[in-house]
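A look at the structure
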Amino acid sequence: MQQLTSFATDYARYVLKGGTKFYAWMGSLALLIVGMMYVFYLQNTDGLIVTGMTSQISDGLYLANLVFLVGVAAGAVTIVFPAYVYHHEGMHKVAVLGEMLAISAVIMVMVFVFAHMGRPDRLWHMIPPWGIYSFSSMLGWDVMVLNGYLILNFICGFYYLWCKYTGNPINQKWFIPLVYVAIAWALSIHTVTAFLMANNPARPMWFHSMMPIRFIATAFAAGPALIILIFLVIRKNTKFWVDDSAIKLLTTIVQFCLGIAIFLTLSEVVVELYARTEHANGLYYLMFGLHGLTGLVPWFWSSVVLMICAFVMFFMPSFRNDFNRLQIPCVMAFAGIWIEKGMGLIVPGYIPSPIGEVTEYHPSFVEWLMVLGIWAFGFFILTILLKGAIGIMLGEVKFGGQTVATK
Amino acid sequence: MKKLAIPTMILAFCCGMMTSALAQDSKAAAAQAPAAQPPQETVCFESRKGASEVTKRDLKPGWPNVKCSPKTGAALWYGDPYDGTVPMGKMPGLEKIPEGHAVIKPRTEKLALMPMCGVSCHNGVGPQFSPPTLPKGKKPVPLPTMEAMVPDLKDLQHGRGRIWCMDCHHTTKRNMLVDHFGDPVSFDQPQLLCGKCHGDKLRDWRDGIHGKRIGNFTSTGKKRWFTCTECHNPHNVQDGARNRGFVQLQPEASPQLPRGMKDASHEKLHPIAH
Amino acid sequence: MSSLMGAAALMVQSDDAAAATEWAEHFQKNYRLMTDAEKAEARARLERRYSSEYGKKVAVDTTEAQPGVLMGYALNIRKCIGCRRCVHACVEENNQSRGTRPGEKIEWIQVLRMERGEFSKDKMNHGYPEGLGIQVGGNAYTPAGQVLEGQYHYNPEAVPEKDATYMPIACMQCEKPPCVKVCPVRTTYREADGPVVIDYNWCIGCKMCMNACPYWARRFNLTKPVLPKEEMNPVTHYLGNRPRMRGVVEKCHWCLQRTRHDRYPACVEVCPVGARKFGNLLDPESEVSKILERKNVFRLKAELNTFPKFFYFYD
């Protein structure tokens, strides 16, 4: 018990100390979080009328970011899997950072769930024994697997850190099986999220069995791309050294998953546009516009350009091996997939409506601020989690040891 | 000081979330238009313009017998479906319906010329031929007096020139219609006349497939039946060259444009640009 | 601290009775799990709140499904003239939001205008058709027009127009409703007499049902519904037309407050051409049974196996 309290206080003390850069970063995130809280208040008093959502386009940026972030959370498995299954040395050292990323991504997903709901005050209706849990609802399953993933990552991550902190050996008997469960679970969260969209014959844009694999392919490109960026930041700003081998392996994973994602997108385009049935209208709207309405066309093509350019750049040794320029294709892949899964997948599912009405989605300022704020909230948590984890990994936070501050 | 910064922020965040969640409906929008009660009585038409009408009145406070469209003047909603109705009377094929459960709105009251027809001009006199068909070799002669009173007669669009007035109107009792046997039929029961030719429609009407009924929906419930002439103009059933059974109407307002849409002109464009 | 202040502010703002009612509503159960006593309590609570809010005696009915009744609907697609009276009758009856801001106006029925198009010699080689209707043109390589897309915002002087047909669409009250399957809190369900209903007080506004509905029958209350006192219909049903709140989904329920008391739905009563027919599918003498027996009938999007109880037919 004494160990636990000292873990908490040492962790907090270490995390709260930092340089100006750290406080500037956290301060600006906090500002966005305050903005998010304000628009959340607006949404819960005026209603979702302050957003760009309508009865036709009943979900937009929120669901899009939710889906994307589930992918980022699942993407953490690209570190954990090589680390524990293939005993990759470089990955093993940073596996816990992946788990921290997963925790913050899942928390972001939860906040997006709140943001997109009409009545967040009634969320308890889903939770037994007070509420009703429906096994036939994909959203119910999604909430269940996401919470499970959060708990698994929390246990795995913090048990590992706890052992490092106290110096006790890790109890392999239950830790390793739990890690394997978490790996399989990572696939389940994104698969269930894909089913959430794909199990709707009403929406031909989503109604195909390629959705889960496409979700996983894009997730395993976007997730590790973000992880690479974070690793590069960590290498630059902390004493913690992430091995080149880890970053190189992640680069390979990003590249191949991005390739598969592009391939799947092109397959869909060919299948849908060759026959060009009514069911292709959503995709057609996305690519070229319908009835002269072309709101999503720039989004789609910019996503295509970003993804293909990133894919090509990953092939070039000058980008792949140069850790000063690796950020560029990573950011491009990340942005490209964010668009593809967001504006490029969720929104055209609503256009045209199931009975053929074509309307356009105009996200409001409130929505953008909410999205930014939730991302800021996620990065806020991520920074805290990573900072604490790095401190423990470096041995700067240790049971009985004097806590040493770093910037 | 700095130590406290982050916990404070977290606390503030949690509180903010809770406030938003608890503050449900605190800004209850009270955008309610002031009640504008027109002094004159509101009369709205039911199926087609110029046929049956209904006058608005309150059955109880806040519960009118009918609501009318401010845009078109059409009846939009019935509080009392049996307003101003009388029993339909005998109708072959409807014996199963309990007494008084089939009601109609009398047409006779609405027809301005009705009371005069039987007395002023056609006081029991008419062409003395039986059956009341036009004798061979004779053509019906348009009477300017009649045409002035009922403009639809100028271009009688019923039967395409193969029927004439006395096929429907009783020869001696001009305020009555006529059935197959030359017996008079009330203007309130035009179905007995129309069914002479339009048997299939009569059958569908009797079973509730054709035409309109309001009131109780169960097959034995009380219903107000709309008779043939409440929807169709007997002198111009096809609505002239349009050749449809129902006259044109002004439509009610179109739906609201969703947020962000300037107009609906895109609907008139082909989906695929070329 | 701030949350307490928020709660306090909430209590002070509205009068005590209304606040207490709303507070109690926050904690009530799913309607289907309520005991009769709890239902009566919820009903009394709502009647009190609505009556004070709308300044008239509001009745909230809780009549259950009657045995031996399975409601069905049929629409004569050839007769519809596109006058939209049904759309507005529905709004008058069912207390939908009537605001003017975008998103504040809710209509459950959509009338789709579809162009007839034409086959004519001089247009044979045009490739792309000019209008939106069923036209010739095109070949194996270039598309040749689409028939499902039509106009919702048509507004001519008079209907029916010469070159148009009309297709009203609302909730189909499916026998196998996809919306019910996806609801995470089981607030929407099929009643024993047919209609698919929503317990508005249990709905969490997740909008999954709106994604699942192939007929776009569901509407979302983006804000607190704008319902003027004098236009409010005081005869309501708990699962039917009682005033909704912000953030919940609503849809057609075949005027439960009427049909549970043997009255036609409002849209049926107001259709000037008698295109709309309603009846008990279990009664062979009902209008709808006769139509199914005698006429050519189809269901919209039958390939989705939703088995609507809303049938389209033509003479």
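Residues numbered from 1 in each chain as written. Chains lettered and ligands numbered in written order. Predicted model: local features only at pLDDT ≥ 70, side-chain atom pairs only at ≥ 80, totals over all residues.

With that settled, the discussion passes to the overall build of chain B. Per the secondary structure count, chain B includes six helices and twelve strands. A fraction of 48% describes how many contacts in chain B between residues 6 or more apart in sequence connect residues 24 or more apart. (Helix = DSSP H or I, 4+ residues; strand = E, 2+ residues; numbered from the N terminus. Contact = placed C-beta atoms within 7 Å.)

What follows concerns the overall build of chain C. Broken down by element type, chain C carries nine helices and twelve strands. Expressed as a percentage of its 315 residues, the buried residues of chain C come to 55%. In chain C, 62% of the contacts between residues at least 6 apart in sequence involve partners at least 24 apart. (Buried ≥ 20, exposed ≤ 12 C-beta atoms within 10 Å, placed from the backbone.)

This part takes up the sheet that holds strand E11 (residues 296–298) of chain C. Residue and element names in this part refer to chain C. Reading across the sheet, the four strands line up as E10-E2-E12-E11 and stay open at both edges, with mixed pairing between neighbours. Across the chains shown, the open sheet's two edge strands, defined by having one partner strand only, are strand E10 (276–280) and E11. Adjacent strand axes in the sheet meet at a mean angle of 30 degrees when their direction is disregarded. Pairing of strand E2 (residues 71–76) with strand E12 (residues 310–314) involves four bridges; the strand directions are parallel. If you follow Asn-76 over to E12, its bridge partner there is Phe-313. With respect to the sheet, helix H9 (residues 287–294) is in contact with E2, E10, E11 and E12, its orientation differing from that of E10 by roughly 105 degrees. (Pairing = 2+ DSSP bridges. Axes fitted to C-alpha atoms, helices over the stretch in contact; angles between N-to-C directions.)

With that settled, the discussion passes to helix H1 (residues 2–16) of chain A. Residue and element names in this part refer to chain A. Over its 15 residues, H1 extends 21 Å from the first C-alpha to the last, a length consistent with the 21 Å expected when each residue adds 1.5 Å. Burial in H1 covers these residues: Asp-10, Tyr-11, Tyr-14 and Val-15. Relative to the axis of H1, the buried residues are bounded by an arc of 125 degrees and lie together on one face. Away from its buried face, by an angle of more than 90 degrees, H1 presents the exposed residues Gln-2, Thr-5, Ala-8 and Thr-9. The elements touched by buried residues of H1 are helix H14 (365–394). (Expected span 1.5 Å × (residues − 1). Arc of directions from axis to C-beta.)

So, on to helix H2 (residues 20–45) of chain A. Residue and element names in this part refer to chain A. Between its first and last C-alpha atoms H2 spans 37 Å; for 26 residues at 1.5 Å apiece the expected length is 38 Å, and the two agree. Every buried residue of H2 is listed here: Met-26, Leu-29, Ala-30, Leu-32, Ile-33, Met-36, Met-37, Val-39, Phe-40, Gln-43 and Asn-44. Once H2 ends, the next one or two residues include Gly-47, with phi positive near 105 degrees.

Turning our attention to the packing of helix H5 (residues 89–116) of chain A against helix H9 (residues 244–275) of chain A. Residues and elements named next belong to chain A. Close contact between H5 and H9 brings their axes to 7 Å; oriented N to C, the two are set at 90 degrees. When the interaxial angle is binned, H5 and H9 end up roughly perpendicular. In this structure, H5 contributes Glu-89, Gly-90, Met-91 and Val-94 to the contact, and H9 contributes Ser-245, Ala-246 and Leu-249. (Parallel < 35°, antiparallel > 145°, perpendicular 65-115°, else oblique.)

Residues and elements named next belong to chain C. With four of five residues buried, E12 is to be regarded as a mostly interior element. Of the strand pairs in this sheet, E11 and E12 are connected by three bridges, and their pairing is antiparallel. Residue Val-297 lies in a different strand from E12, and its bridge partner there is Phe-313.

Our next topic: the confidence of the model for chain B. Per-residue confidence for chain B gives a mean pLDDT of 79, with 77% of residues at or over 70. The low-confidence segment residues 21–38 of chain B, where pLDDT is below 50, has 33 contacts with residues more than four positions distant or belonging to other chains. (pLDDT = per-residue confidence, 0-100.)

This next bit is on the nonpolar core. Core analysis: the biggest nonpolar cluster contains 249 residues, and Ala-73, Ala-221 and Ala-333 of chain A have the highest contact counts within it. At 17 residues, the largest contribution of residues to this core is made by H5 of chain A. Lining this core are residues from two domains, each supplying at least three of them: domain 1 (64–109 + 170–314) and domain 2 (114–164) of chain C. If sequence neighbours within four positions are ignored, Ala-73 of chain A has contacts with Ala-102, Ala-105, Val-106, Val-109, Tyr-149 and Ile-189 of chain A. Ranked by size, the runner-up nonpolar core spans twelve residues in total, among them Met-176, Leu-177, Val-185 and Cys-194 of chain B. (Core = buried A, V, L, I, M, F, W, Y, C linked by C-beta atoms within 7 Å. Domains from an automatic or database assignment.)

Okay, unusual backbone geometry next. Here the amide bond leading from Ile-351 of chain A into Pro-352 of chain A is cis, since omega sits at -5 degrees, within 30 degrees of zero. Inspection of the secondary structure assignment puts Pro-352 of chain A in the loop between helix H13 (327–346) and H14. Here Val-159 of chain C and Pro-160 of chain C are connected by a cis peptide whose omega angle stands at -5 degrees. Relative to the helices and strands, Pro-160 of chain C resides in the loop between strand E3 (110–115) and strand E4 (164–169).

Residues and elements named next belong to chain B. Read across the sheet, four strands follow the order E7-E8-E12-E11 without closing on themselves; strand pairing throughout is mixed. Looking along the sheet, the strands with just one partner apiece sit at the ends: strand E7 (86–87) and strand E11 (213–215). Inspection of the sheet shows E11 paired to strand E12 (residues 223–225) by three bridges, in the antiparallel sense. Residue pairing for E12: Arg-213 is matched across the bridge by Trp-225.

Let's shift gears to the environment of Ile-328 of chain A. Residues and elements named next belong to chain A. Examined against the element boundaries, Ile-328 turns out to sit in helix H13. Residue class for Ile-328 comes out partly exposed when judged on the 14 C-beta atoms lying within 10 Å of it. Residues Ile-328 and Ala-310, spaced 18 residues apart in sequence, show a C-alpha to C-alpha distance of 7.9 Å.

A few words on the confidence of the model for chain C. Taken residue by residue, chain C gives an average pLDDT of 87. The fraction at 70 or more is 84%. Complex prediction metrics read pTM 0.88 and ipTM 0.88.

This part takes up the environment of Ile-374 of chain A. All names here are of chain A. Secondary-structure assignment places Ile-374 in helix H14. Separated by eleven residues in the primary sequence, Ile-374 and Leu-385 place their C-alpha atoms 16 Å from one another. Excluding its chain neighbours within four sequence positions, the residues that come into contact with Ile-374 are Met-36, Met-108, Val-111, Phe-112 and Ala-115.

All right, on to the pairing of E3 of chain C then. All names here are of chain C. For E3, the buried fraction is high: six of the six residues fall into the buried class. Of the two faces of E3, the one holding Gln-110, Leu-112 and Met-114 and the one holding Val-111, Arg-113 and Glu-115 are both buried throughout. Across six bridges, E3 lies against E4 in antiparallel orientation. By the bridge assignment for E4, Gln-110 is matched with Ile-169.

Glancing now at the environment of Ala-376 of chain A. Residue and element names in this part refer to chain A. Among the secondary structure elements, Ala-376 is positioned in helix H14. In the structure, Ala-376 is positioned 347 residues away from Leu-29 in sequence and 5.0 Å away in space, judged by C-alpha atoms. Every residue in contact with Ala-376, bar those within four places of it in the chain, is listed here: Leu-29, Leu-32 and Ile-33.

This part is about the packing of helix H7 (residues 172–198) of chain A against helix H8 (residues 211–237) of chain A. Residue and element names in this part refer to chain A. Contact pair H7 / H8: the axes reach a minimum separation of 8 Å and the direction vectors enclose 130 degrees. With respect to H8, the axis of H7 lies oblique. Taken as a pair, H7 and H8 cross one another with a handedness that is right-handed. The segment H7 lies against H8, with Leu-187, His-190, Thr-191, Thr-193, Ala-194, Phe-195, Met-197 and Ala-198 engaging Met-211, Pro-212, Phe-215, Ile-216 and Ala-219. (Left-handed = near helix turned anticlockwise from the far one by under 90°.)

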